There are 2 protein chains.
Amino acid sequence: MKILLSNDDGINAAGIQALREAMETVGEVVIVAPDRPKSASGHGITVHKPLRVDEIRYSNSSTKGYAVNGTPSDCVKLALEGLLTKRPDIVVSGINFGPNLGTDVLYSGTVSAALEGVIHGIPSIAVSLASYEKEDYTLAARAAIQVVKAVVEKGLPDETLLNINVPAVPEKEIKGITVTKLGKRIYKNTFEKRKDPRGRDYYWMAGEAVDLAGDPDTDINAVKRNEISVTPIVFDITNYQLIKKLQEWNLSLEG
Amino acid sequence: MKILLSNDDGINAAGIQALREAMETVGEVVIVAPDRPKSASGHGITVHKPLRVDEIRYSNSSTKGYAVNGTPSDCVKLALEGLLTKRPDIVVSGINFGPNLGTDVLYSGTVSAALEGVIHGIPSIAVSLASYEKEDYTLAARAAIQVVKAVVEKGLPDETLLNINVPAVPEKEIKGITVTKLGKRIYKNTFEKRKDPRGRDYYWMAGEAVDLAGDPDTDINAVKRNEISVTPIVFDITNYQLIKKLQEWNLSLEG
């Protein structure tokens, strides 16, 4: 099995190294990841400057790494269209340090790397550790192995990736793996307005996440219950239900 | 009617100025947009540096503009959570110079600005001129006026924006306004591998878009037929159909 890894915390992050070691137990691994942290880069791509690639070797491993001065999407795109000679069987992005839950997945570089795999017709998953504090990837890596094996065995529909969030708690507190839907998360008091030393205003993004209660079967609520959350995400974002209704608007240039 | 404008081509782009003039005929306008072009920025947000805001005035107009050193998402977020004292009735993003069709909307800064409006519960639309050559926004601005009026009158469901692409042809060749779904677009020969003056490799994103034929009712095909395309886009990207099937996988940490 050929496995392409990427992430948005950068190729030197502990999370992608834990993922590499886990994936080396199930297949042939190659890493193409940003050369530095690219969190909250969304699904941006780099069109206005050249991309540089530096090769990286790992001790006690035949895995090759490529550090790219681009976004997570750039990395997977470049891997699949330029760097790799063989098409991978699966793209795995992560393990992200911090959750990628609910509305936030729209901003997630981790998810965007997996999305790029899906756009290229390759089954893809994104894996995140749902904690900003405790950087222990052991369980998340084990969950990734299980999901990767299942995905390669059973396949995924076109245009769909799996987004996995693993609670940062000891194994005995984990309540299993739950299939979820995306929850909703809003931010309160997002911007702090400050004055710089010269008296000019500036704004800094801050604020705290507020999870809207929502249904029990959201990813946010599953992680709160110490369940490992697996959410199927689709990239055809057409609102099909609305098409017929909009047709009845009878829009025209004349009004 | 209070209208918030943004874009990803930057506050000085001709497209947002054409949009401003059009929107001033139907409501009270404020612009919060990037201080420079931010194309293909996806839904990125800026968390690691402060955001600066510069006020801009326009001749013969009471519209206020704010230039922000951030992404389109940053601009709308900052407008709604920091800068504006009144909540707008609608967010309009554009008019983008170049199409935002099919798979490409996932990378679009123009669409991401509208998405940020939707996340905040405000009806939002994105408007693009489907040409990289002829920068005449007259028809696109007129289409925007009609859609804005319809949206404010009829409303949109939660979590949905409208993505509008206007063919760059004379009015007499326009075949009306069609409600569409997102098409699929792939890129061929995306990366050019070159050598720099010092003999080091670099990669530059290039390649040509190849539209997969698909159904006649896609946005891509509508624009080819010289129809103005209106696509409803939803930001709950959960693949609901797949949830039940995934539950049958019976995933566990043990495998």
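Because the structure is predicted, anything quoted here is derived from the model rather than measured. (Residues numbered from 1 in each chain as written. Chains lettered and ligands numbered in written order. Predicted model: local features only at pLDDT ≥ 70, side-chain atom pairs only at ≥ 80, totals over all residues. Heavy atoms only, no water.)

Colleague: What exactly am I supposed to notice about the relation of the copies chain B and chain A here?
Modeller: Mapping between the two chain copies consists of a rotation about an axis together with a translation along that axis. With an RMSD of 0.0 Å, chain B superimposes on chain A once it is rotated by 180 degrees and translated 0.0 Å along the axis. One copy is carried onto the other by what is essentially a two-fold rotation axis. When the interface residues of chain B are mapped onto chain A, 99% of them are again interface residues, pointing to one common binding face. (Least-squares fit on C-alpha atoms with pLDDT ≥ 70 in both. Contact = heavy atoms within 4.5 Å.)

Colleague: Where do I start with the interface of chain B and chain A in this structure?
Modeller: It is common to report an interface's size as the accessible area lost on association of the parts. Contact residues are listed per partner, giving 81 residues for chain B and 80 residues for chain A. Regarding the contact of chain B and chain A, the summed buried area is about 7400 Å², with carbon and sulfur atoms giving 68% of it. Run the count over chain B and chain A and you get 6 salt bridges. Residues R52 of chain B and D196 of chain A are paired through a salt bridge, measuring 2.7 Å at the closest nitrogen-oxygen approach. Inspection of the chain B/chain A interface yields 14 residue pairs in polar contact (both at pLDDT 80 or more). (Buried area = accessible area lost by both parts, 1.4 Å probe. Salt bridge = Lys/Arg side-chain N within 4 Å of Asp/Glu carboxyl O. Polar contact = N/O pair within 3.5 Å; in protein donor to acceptor, adjacent residues only side chain to side chain.)

Colleague: Explanation requested: the packing of helix α2 (residues 72-83) of chain B against helix α3 (residues 109-119) of chain B in the structure shown.
Modeller: Working note: a packed helix pair is described by the angle between its axes plus the distance between those axes. Residue and element names in this part refer to chain B. Packing of α2 against α3 leaves a shortest axis separation of 8 Å and a crossing angle of 25 degrees. Here α2 lies roughly parallel to α3, going by the angle between them. Pair α2 / α3 crosses with right-handed handedness. The segment α2 lies against α3, with P72, S73, V76, K77 and L80 engaging G109, S112, A113, E116 and G117. In terms of residue class, the contact of α2 with α3 is built from 4 nonpolar, 4 polar and 2 charged. (Axes fitted to C-alpha atoms, helices over the stretch in contact; angles between N-to-C directions. Helix = DSSP H or I, 4+ residues; strand = E, 2+ residues; numbered from the N terminus. Parallel < 35°, antiparallel > 145°, perpendicular 65-115°, else oblique. Left-handed = near helix turned anticlockwise from the far one by under 90°. Nonpolar A, V, L, I, M, F, W, Y, C, P; charged D, E, K, R; others polar.)

Colleague: I'm lost on the sheet that holds strand β13 (residues 228-234) of chain B in this one. Help?
Modeller: The strands making up a sheet associate through hydrogen bonds between their backbones, and the pairing can be parallel or antiparallel. All names here are of chain B. Sheet architecture is open: 9 strands sit in the order β3-β4-β2-β1-β5-β6-β7-β13-β8, paired in mixed fashion. Two strands in the sheet have a free side with no partner beyond their single neighbour: β3 (53-57) and β8 (177-179). Adjacent strand axes in the sheet meet at a mean angle of 25 degrees, parallel and antiparallel pairs treated alike. In this structure, strand β7 (residues 160-167) lies alongside β13, joined through 6 bridges in antiparallel fashion. In the sheet register, I164 faces β13, and the bridge partner there is V230. (Pairing = 2+ DSSP bridges.)

Colleague: Hey, could you run me through helix α4 (residues 138-154) of chain A in this one?
Modeller: In an α-helix, one turn spans 3.6 residues; hence positions three or four apart end up facing the same way. All names here are of chain A. An ideal rise of 1.5 Å per residue puts 24 Å on 17 residues; α4 measures up with 25 Å between its terminal C-alpha atoms. On its buried side, α4 packs onto α1 (14-23), β5 (90-97), β6 (124-130), β7 (160-167) and β13 (228-234). One or two residues past the end of α4 sits G155, with phi positive at roughly 80 degrees. (Expected span 1.5 Å × (residues − 1).)

Colleague: Can you walk me through the nonpolar core in this structure?
Modeller: For soluble globular proteins, nonpolar side chains are generally found buried alongside one another. Ranked by size, the top nonpolar core spans 66 residues in total, and within it L4 and V32 of chain A together with L4 and V32 of chain B carry the most contacts. Once residues within four sequence positions are removed from consideration, V32 of chain B is found in contact with L4, L5, S6, Y66, V68, C75, A79 and L83 of chain B. (Core = buried A, V, L, I, M, F, W, Y, C linked by side-chain atoms within 4.5 Å. Buried < 20%, exposed > 50% of the residue type's maximum accessible area, 1.4 Å probe, protein only.)

Colleague: Please explain the environment of D217 of chain B as it appears in this structure.
Modeller: All names here are of chain B. On the secondary structure map, D217 appears in the loop between β12 (208-211) and α5 (219-224). Assessed through its relative accessible area of 40%, D217 is described here as partly exposed. When sequence neighbours within four positions are dropped, the list of residues in contact with D217 reads T180 and K181.

Colleague: Which parts of the structure should I look at to understand the side chain of T63 of chain A?
Modeller: Residue and element names in this part refer to chain A. Relative to the helices and strands, T63 resides in the loop between β3 (53-57) and β4 (64-68). The class for T63 is buried, based on a relative accessible area of 3%. One polar contact links T63 to E24, side chain to side chain, over a distance of 2.5 Å. Sequence-distant contacts of T63, that is, excluding residues within four places in its chain, are made with R20, E24, V29, V30, I31, I56 and Y58.

Colleague: Can you walk me through the UniProt feature "binding site: a divalent metal cation" (unreviewed entry) in chain A in this structure?
Modeller: Residue and element names in this part refer to chain A. The UniProt record marks D8, D9, S39 and N96 with the feature "binding site: a divalent metal cation" (unreviewed entry), using the residue numbering of this structure. With respect to the element layout, D9 can be found in the loop between β1 (2-6) and α1. Residue D9 is classed as buried on the basis of its relative accessible area, which comes to 17%. Separated by 2.9 Å, the side chain of D9 and the backbone nitrogen of F97 make a polar contact. Topologically, N96 is positioned in strand β5. The residues touching N96, leaving out its near neighbours within four places in the chain, are D8, D9, T110, V127, S128, L129 and Y137. (UniProt positions renumbered as here; feature names shortened; annotations may be inferred.)

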